[in-house]
Amino acid sequence: TGGTIAGAGVAEAGAPSAAYRAAVVSAADLVAAVPGLGLLAELHAEQLLQIDSVDFTDALLLRLARRVAELCAQPDVDGVVVTHGTDTLEETAYFLHLTVPSAKPIVLTGAMRPGDALAADGPANLLQAVAVAAHPSSGGRGVLVVMNEDIHSARDVAKVHALHVNAFASPHGALGLVLEGAPRWYRAVTRPH
Ligand code: ASP
């Protein structure tokens, strides 16, 4: 859907990473840029939107929820990863958590730095999000957010820092973390969605 994970422009501007443009790299190029993704899952990239997440509207949220639900209903789809700007990632994650009727893993991820920044976090976040979405143990947990190796529940997660790559936190802690390409769970949400 866009965001900083699909951002670029640091190199051209020669400026601090705040000078980049969000939502300019295609979903297919994001997938192609991460070595090893194809070993975790058979991936199909889809460009539903290409926006800064502050520009999400109710209509776009509904469009995303309907498309994710449609994909989850397909027998040849095991899970869905949504790449998203971090500014409203928690709102979209919670909306999908409440509205998409599927036990298949739905994982949102993003990045705090654009793809051409030194030590960009997007490629690793995408790899980890796919690892979680592709893992059979990730189903039935509601919508998940994977950022900076942590796996959060959409029920709890919030963006708590404007700059650090460790920008997302949950009041009761993360559900688990991603270790060597697989989720390791420490807790589960037992409240109904
Ligand atoms: N403004 C960007 C967005 O939310 C910030 C980010 O992705 O970190 O799309």
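Data block above holds the structure.
Residues numbered from 1 in each chain as written. Predicted model: local features only at pLDDT ≥ 70, side-chain atom pairs only at ≥ 80, totals over all residues. Heavy atoms only, no water.

Asker: Sorry if this is basic, but what is going on with the overall build of the protein here?
Answerer: For the protein, the count of helices and strands is six helices and eight strands. Secondary structure of the protein in N-to-C order comes out as α-α-α-α-β-α-β-α-β-β-β-β-β-β. On C-alpha atoms alone, the protein measures out to a radius of gyration of 15 Å, which is about the 16 Å that the 2.2 N^0.38 rule sets for 193 residues. Structurally, the protein occupies a C-alpha span of about 45 × 35 × 30 Å along its principal axes. About 9,500 Å² of surface is accessible on the protein, with carbon and sulfur atoms providing 55% of the total. (Helix = DSSP H or I, 4+ residues; strand = E, 2+ residues; numbered from the N terminus. Rg over C-alpha atoms; globule rule 2.2 N^0.38 Å. Areas by Shrake-Rupley, 256 points an atom, 1.4 Å probe, with all protein chains shown as cover.)

Asker: Help me understand the site of the ligand, please; the structure alone is not making it clear to me.
Answerer: Close contacts around the ligand come from Gly3, Thr4, Asp52, Ser53, Gly85, Thr86, Asp87 and Ala111, and that covers them all. Between a nitrogen atom of the ligand and a side-chain N or O atom of Asp52, the distance comes to 3.0 Å. With respect to the ligand, the side chain of Asp87 contributes an N or O atom lying 2.8 Å from a nitrogen atom. Compared with its free state, where it exposes 270 Å², the ligand has 92% of that area covered by protein. In the shell around the ligand, the residues fall into one nonpolar, five polar and two charged. (Near = heavy atom within 4 Å. Polar contact = N/O pair within 3.5 Å; in protein donor to acceptor, adjacent residues only side chain to side chain. Nonpolar A, V, L, I, M, F, W, Y, C, P; charged D, E, K, R; others polar.)

Asker: What's the story with helix α4 (residues 58-72) in this structure? I'm lost.
Answerer: Given 3.6 residues to a turn, an α-helix orients residues that are three or four positions apart in the same direction. Its 15 residues give α4 an end-to-end C-alpha distance of 21 Å, which sits within 8% of 21 Å, the value for a rise of 1.5 Å per residue. Residues of α4 that are buried include every one of Leu60, Leu61, Leu64, Ala65, Val68, Leu71 and Cys72, and no others. Take α4 and look down its axis: the buried residues cluster within an arc of 135°, on one side only. Exposed side of α4, more than 90 degrees from the buried face: Asp58, Ala59 and Arg66 are the residues found there. (Expected span 1.5 Å × (residues − 1). Buried < 20%, exposed > 50% of the residue type's maximum accessible area, 1.4 Å probe, protein only. Arc of directions from axis to C-beta.)

Asker: Quick question: what am I supposed to make of the nonpolar core here?
Answerer: In globular proteins that are soluble, nonpolar side chains generally tend to be buried together. Judged by nonpolar contacts, the single largest core of 28 residues is most densely connected at Val68, Leu96, Ile106 and Leu108. Looking at this core, the elements that each hand over two or more residues are α4, β1 (80-83), α5 (89-99), β2 (106-109) and β3 (144-147). If we ignore the near neighbours within four places in the chain, the residues touching Leu108 are Val82, His84, Leu89, Thr92, Ala93, Leu96, Val143, Leu144, Val145 and Val146. Residues Val107, Leu144, Leu175 and Trp185 belong to the second largest nonpolar core, which totals 11 residues. (Core = buried A, V, L, I, M, F, W, Y, C linked by side-chain atoms within 4.5 Å. Contact = heavy atoms within 4.5 Å.)

Asker: How should the pattern of salt bridges be read in this particular structure?
Answerer: Note that side chains of opposite charge can pair when their charged atoms are close. In this structure the tally under the stated criterion is three salt bridges. Here Arg67 makes a salt bridge to Glu46, at a shortest N to O gap of 2.6 Å. In this pair, Arg67 is assigned in helix α4 and Glu46 in the loop between α3 (37-40) and α4, connecting sequence segments 21 residues apart. Residue class for Arg67 comes out partly exposed when judged on its relative accessible area of 22%. When the shortest N-O distance is used, the salt bridge between Asp87 and Lys159 registers 2.8 Å. In this pair, Asp87 is assigned in the loop between β1 and α5 and Lys159 in strand β5 (residues 158-159), connecting sequence segments 72 residues apart. (Salt bridge = Lys/Arg side-chain N within 4 Å of Asp/Glu carboxyl O.)

Asker: What am I meant to see in the pairing of strand β8 (residues 182-185) here?
Answerer: Burial along β8 is one-sided: Pro183 and Trp185 are buried, and none of Ala182 and Arg184, which face the opposite way, are. Relative to β8, strand β7 (residues 176-179) runs antiparallel, the two sharing four bridges. Looking across to β8, one finds that Leu179 is bridged to Ala182. Connecting the antiparallel pair β7 and β8 is a turn made up of two residues, with Glu180 showing a positive phi of about 45°. (Pairing = 2+ DSSP bridges.)

Asker: Looking at this structure, how should I read the sheet that holds β2?
Answerer: Strands in a sheet are paired, the pairing made by backbone hydrogen bonds, and the direction either parallel or antiparallel. Taken in spatial order, the six strands line up as β1-β2-β3-β4-β7-β8 in an open sheet, and their pairing is mixed. At either margin of the open sheet sits one strand with a lone partner, and together these are β1 and β8. Pairwise comparison of adjacent strand axes, ignoring direction, gives a mean angle of 30° for this sheet. Packing against the sheet, α5 makes contact with β2, β3 and β4 (150-153), and its axis sits at approximately 170° to β2. (Axes fitted to C-alpha atoms, helices over the stretch in contact; angles between N-to-C directions.)

Honestly, that's just the spatial picture; any functional story needs more than this.
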